[in-house]
Amino acid sequence: MTTYAVTGATGRFGQRAIKYLAAKVPASDIVALARNTDKAKKLLPTDITIRQADYNDAEQFTKALQGVDRLLFISSVPGGPVPRAQQHANVLAAAERAGVSFIAYTSFPHADQAEVALAADHKATEKAIAASGIKHSFLRNNWYLENELSRLQAAAAGKDFLYAAGDAKVGWALEREYAKAAANVLAATDTKDVYEFAGPARTYRELAAAIAGDFEIKSLSDADYQAALIAGGMPAKLAGFAAGGMQLIASGILTEDTTDLPDVLGHELTPLPEAIQEVLK
Ligand SMILES: NC(=O)c1ccc[n+]([C@@H]2O[C@H](COP(=O)([O-])OP(=O)(O)OC[C@H]3O[C@@H](n4cnc5c(N)ncnc54)[C@H](OP(=O)(O)O)[C@@H]3O)[C@@H](O)[C@H]2O)c1
């Protein structure tokens, strides 16, 4: 018998990954790891095991991982009181102590080479997992289409589609597609060390062209983009953050050319116009 565990099980990605995993392996072999077990009981299938595991408590995490063979280690959300790098170190230390034999870790595109701040924790975590000697797969997820929700909503409502990433390309795919791929890798016996999971590389103009409706597509400079967001009612701090995201994408860091995602899913990705409709629902 193989026991599978998933961290961050009450989160968006964790819930989806568990749902897909439960379709592939017996529910009785699945352990959901959550800091809030009451929440987990409400959200997750009743026939899986739920154990308390706080990223900030390596000892508790070690107990929670007892008997676990294969771990889906979903990266923590940055910005909390304990640095994400420390939380990830706690999870890895717990996995080593508990004798976990395989880790699938959700990472960042080309994390080993990426120099941007957003990738730093992923780079360090990948390095530490590799150094641990535990067999692993790095699931380097590109951008979720869901990240573009406000832009898609604006365009669908006839407002301008604004962006500031020029002709840089992004490998958008649906969050559920990344989550299903993660579950497939966890349940597989023959895995690669690195998956660059992404949809087809597309520009923002190509994304906009797939949205149904009548609206204008505007490619702006950084400053004009930020000013337009503020004029539209966004607080200056958030507008600065959004512009920073655009700069990151403009650098080309999300340009990808692999078929890892459809290969692991075993089918084509959702066509873009349909995927957009799904996000807008
Ligand atoms: N590539 C992309 O485009 C993209 C887009 C979005 C997110 N992400 C990344 O994907 C990862 C997962 O995101 P998500 O959307 O699933 O986030 P989410 O929905 O906010 O879920 C976060 C999960 O982490 C749990 N958590 C928070 N602090 C914890 C702690 N101290 N100990 C144990 N668990 C803790 C939360 O538990 P509670 O339910 O108790 O709060 C929840 O289960 C993150 O690293 C995020 O940055 C990537």
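Structural data are supplied above this passage.
Figured I'd write up the structure that's included with this text. (Residues numbered from 1 in each chain as written. Predicted model: local features only at pLDDT ≥ 70, side-chain atom pairs only at ≥ 80, totals over all residues. Heavy atoms only, no water.)

## Some words on unusual backbone geometry
Of note, H110 is a non-glycine position whose phi angle comes to about 45°, a positive value. Counting through the fold element by element, H110 comes out in the loop between strand 5 (102-107) and helix 5 (120-132). Taking relative accessible area as the criterion, H110 reaches 26% and is therefore assigned partly exposed. (Helix = DSSP H or I, 4+ residues; strand = E, 2+ residues; numbered from the N terminus. Buried < 20%, exposed > 50% of the residue type's maximum accessible area, 1.4 Å probe, protein only.)

## Describing the packing of aromatic side chains
Following the criterion strictly, the structure yields 10 aromatic pairs and no others. Measuring from ring centre to ring centre gives 6.4 Å for F13 and Y144, while their planes differ by 15°; the resulting arrangement is stacked. Taken together, the positions of F13 in helix 1 (residues 12-22) and Y144 in the loop between strand 6 (135-141) and helix 6 (149-156) put the pair 131 residues apart, joining distant regions of the chain. Seen in terms of ring centroids, Y55 and F61 are 5.8 Å apart; in terms of plane orientation they differ by 10°. Their pairing is stacked. Take Y55: its relative accessible area is 15%, and that puts it in the buried class. Residue classification places F61 among the buried residues on the basis of a relative accessible area of 0%. An aromatic cluster is built from F161, Y163, W172, Y204 and F215, whose rings are joined through pairwise contacts. Across the ring face of Y20, the terminal group of K19 is positioned such that the distance to the ring centre comes to 4.8 Å. (Phe/Tyr/Trp six-rings, centres within 6.5 Å; stacked < 30°, edge-to-face > 60°. Lys NZ or Arg CZ within 6 Å of the ring centre and 35° of its normal.)

## A few points about the site of the ligand
Near the ligand you find 23 residues, and of these T10, K39, Y55, S75 and N147 are the closest. Take T10: an N or O atom from its side chain is 2.6 Å from an oxygen atom of the ligand. Look at the ligand: alone it shows 940 Å² of surface, and the protein chains cover 76% of it. Elements that contribute at least two residues to the shell around the ligand include exactly helix 1 and helix 4 (84-98). In the shell around the ligand, the residues fall into eight nonpolar, 10 polar and five charged. (Near = heavy atom within 4 Å. Polar contact = N/O pair within 3.5 Å; in protein donor to acceptor, adjacent residues only side chain to side chain. Areas by Shrake-Rupley, 256 points an atom, 1.4 Å probe, with all protein chains shown as cover. Nonpolar A, V, L, I, M, F, W, Y, C, P; charged D, E, K, R; others polar.)

## Some remarks on the environment of A209
For A209, the position within the fold is in helix 8 (residues 204-209). Overall, A209 belongs to the exposed group, its relative accessible area being 63%. As for A209 and L272, which are separated by 63 residues in sequence, their C-alpha atoms are 9.9 Å apart.

## What to know about the pattern of salt bridges
The full count for this structure, using the stated rule, is 11 salt bridges. Put simply, D121 and R84 hold a salt bridge, and the shortest N to O gap is 3.0 Å. Here the residue D121 occupies a position in helix 5, and R84 occupies one in helix 4, the gap between them amounting to 37 residues. Counted as one network, the salt bridges with shared partners bring together D112, E126, R140 and E196. (Salt bridge = Lys/Arg side-chain N within 4 Å of Asp/Glu carboxyl O.)

## Quick look at the packing of helix 1 against helix 7 (residues 175-187)
It is the contact of helix 1 with helix 7, at a shortest axis distance of 8 Å, that shows an interaxial angle of 50°. Here helix 1 is positioned oblique relative to helix 7, judged by the angle of their axes. Note on packing geometry: the crossing formed by helix 1 with helix 7 is right-handed. On helix 7, the residues that touch R12, F13, R16, A17, Y20 and L21 of helix 1 are E175, R176, Y178, A179, K180, A182, A183, L186 and A187. Along the lines of polarity and charge, the residues of the contact of helix 1 with helix 7 split into 10 nonpolar, no polar and five charged. (Axes fitted to C-alpha atoms, helices over the stretch in contact; angles between N-to-C directions. Parallel < 35°, antiparallel > 145°, perpendicular 65-115°, else oblique. Left-handed = near helix turned anticlockwise from the far one by under 90°. Contact = heavy atoms within 4.5 Å.)

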